[in-house]
Amino acid sequence: RADAHGPFHAASQAQPNIALIKYWGKRDAALNLPVVGSISITLDSLWTRTQVRFTPEQTYDRVSLNGRSDEAEAKRVTACLNLLRERAGVAWGADVASQNNFPTAAGLASSASGFAALVHAGANALNLQLSDAELSVLARRCSGSAARSIFGGYVEWAHGQRADGTDSVATPLLDADAWPLRVAVAITSTAAKQIGSSEGMNRTARTSPYQSAWIDTQEADLATARDAIHARDFDALALISEHSCLKMHALAMASQPGLLYWNGATMECMHRVRALRQQGVPVFFTVDAGPQVKAVCAPSAIEQVKAALRDVPGVLDVHDTGLGAGVRAIAK
Ligand code: 2P0
């Protein structure tokens, strides 16, 4: 049970992460277990800050995201807080206020930073003493990619073997400082995506003829990326990351109806990144379930990469970020 003495509030900050070896597909919807492991980098200048306040007499949750209420998001927040209430043995309602400094639901991993920050702040508010691994498992149940944003730098989220999912957890591979790559994020649309990731993954599993090939080849990709990260081998990481990205999109495109997350500018940015690499610039692209392009590069190349992406017709803005830390408390 939670300590009977309040105040039961806390605030946490988490950063989004970008998968280099992609997560796509669920083997258990209730526990949110993935069909494949994945590897990501946690970012530093994009953030979600979330404040959670539990009130013992309150029977419902009130949720505000960037100052607005959104019924669909509020349902996911309540489902996520239920996991924490279960742990604490309480039924208290909460007031949740969350802010992002970047566009939500547009392929910029707002659910990763959002649910990592929510689980961390909610656990602190209830005085639950949870390990990072336990936080990662809880975050995973709220949104798969959130498991990875518990940690900073280079992170692997394991497929896991146990039926209860307690070993499908993220662990850090390498600190951000040990290999401080930079990321240019080209924004090509600020509209919310039409098909969310969960729905897209379900459609893919049901209808894409490439699903089994995707699952069968992932372990080798993970091993290649792990080795590249430990060796700080940029070229090897570039090749395997672009491969995983394009393979995930090919898998999703082959669904019925096909999932097309790219627009024309997305495609142009990918070509532009490849042209830069051909000229010797250390940069590679990755694209998630949305039209933004993330170009990962050596620190010395960031200005050139940003300038090249800004020059692509249809690019609205280019953000620039480094690699950052895991979730942390900002108030208790
Ligand atoms: C990833 N994506 O590895 C992959 C690549 C998007 C493309 O994780 O249903 O929001 O909440 O577990 O974590 C986005 O999916 O999905 C995602 P749920 P999530 O980053």
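Nothing here was measured: the structure is a model prediction, and the numbers come from that model.

Conventions used here
Residues numbered from 1 in each chain as written. Predicted model: local features only at pLDDT ≥ 70, side-chain atom pairs only at ≥ 80, totals over all residues. Heavy atoms only, no water. Near = heavy atom within 4 Å. Polar contact = N/O pair within 3.5 Å; in protein donor to acceptor, adjacent residues only side chain to side chain. Areas by Shrake-Rupley, 256 points an atom, 1.4 Å probe, with all protein chains shown as cover. Helix = DSSP H or I, 4+ residues; strand = E, 2+ residues; numbered from the N terminus. Nonpolar A, V, L, I, M, F, W, Y, C, P; charged D, E, K, R; others polar. Domains from an automatic or database assignment. Buried < 20%, exposed > 50% of the residue type's maximum accessible area, 1.4 Å probe, protein only. Contact = heavy atoms within 4.5 Å. Expected span 1.5 Å × (residues − 1). Pairing = 2+ DSSP bridges. Axes fitted to C-alpha atoms, helices over the stretch in contact; angles between N-to-C directions.

**Some details on the site of the ligand**
Consideration 1: By nearness alone, 18 residues border the ligand, and Lys26, Ser143, Gly144, Ser145 and Ser198 come closest of all.
Consideration 2: Taking Ser111, its side chain carries an N or O atom lying 2.9 Å from an oxygen atom of the ligand.
Consideration 3: Considering the ligand on its own, with 460 Å² of exposed area, one finds that the protein chains cover 93% of that surface.
Consideration 4: With 3 residues, the top contributor of residues to the shell around the ligand is helix α4 (residues 197–207).
Consideration 5: A per-class count over the shell around the ligand returns 6 nonpolar, 7 polar and 5 charged.
Consideration 6: Three or more residues apiece are contributed to the shell around the ligand by two domains, here domain 1 (9–178) and domain 2 (182–321).

**Side note on the environment of Pro34**
Consideration 1: For Pro34, the position within the fold is in strand β4 (residues 33–34).
Consideration 2: Given a relative accessible area of 0%, Pro34 falls into the buried group.
Consideration 3: Note: C-alpha distance between Pro34 and Ser208 (174 residues apart in sequence) is 17 Å.
Consideration 4: The residues touching Pro34, leaving out its near neighbours within four places in the chain, are Tyr23, Gly25, Lys26, Arg27, Trp157, Ala158, His159 and Ser168.

**With respect to helix α6 (residues 234–253)**
Consideration 1: Its 20 residues give α6 an end-to-end C-alpha distance of 28 Å, which sits within 8% of 28 Å, the value for a rise of 1.5 Å per residue.
Consideration 2: N-cap assignment for α6: the residue whose side-chain oxygen lies 3.4 Å from the backbone N of Asp235 is Asp233.

**Some thoughts on the sheet that holds strand β6 (residues 48–55)**
Consideration 1: Across the sheet, which stays open at both edges, the 5 strands sit in the order β7-β8-β6-β1-β15 with mixed pairing between neighbours. Strands with a single pairing partner mark the edges of an open sheet, and in this sheet they are β7 (62–65) and β15 (328–331). Strand after strand, the sheet turns through a mean of 20 degrees between neighbouring axes, direction not considered.
Consideration 2: Inspection of the sheet shows strand β1 (residues 9–14) paired to β15 by 3 bridges, in the antiparallel sense. Bridged to Ala11 within β15 is Ala331.
Consideration 3: Sheet contacts for helix α2 (residues 110–125): β1, β6, β8 (93–100) and β15; angle to β6, the most-contacted strand, approximately 35 degrees.

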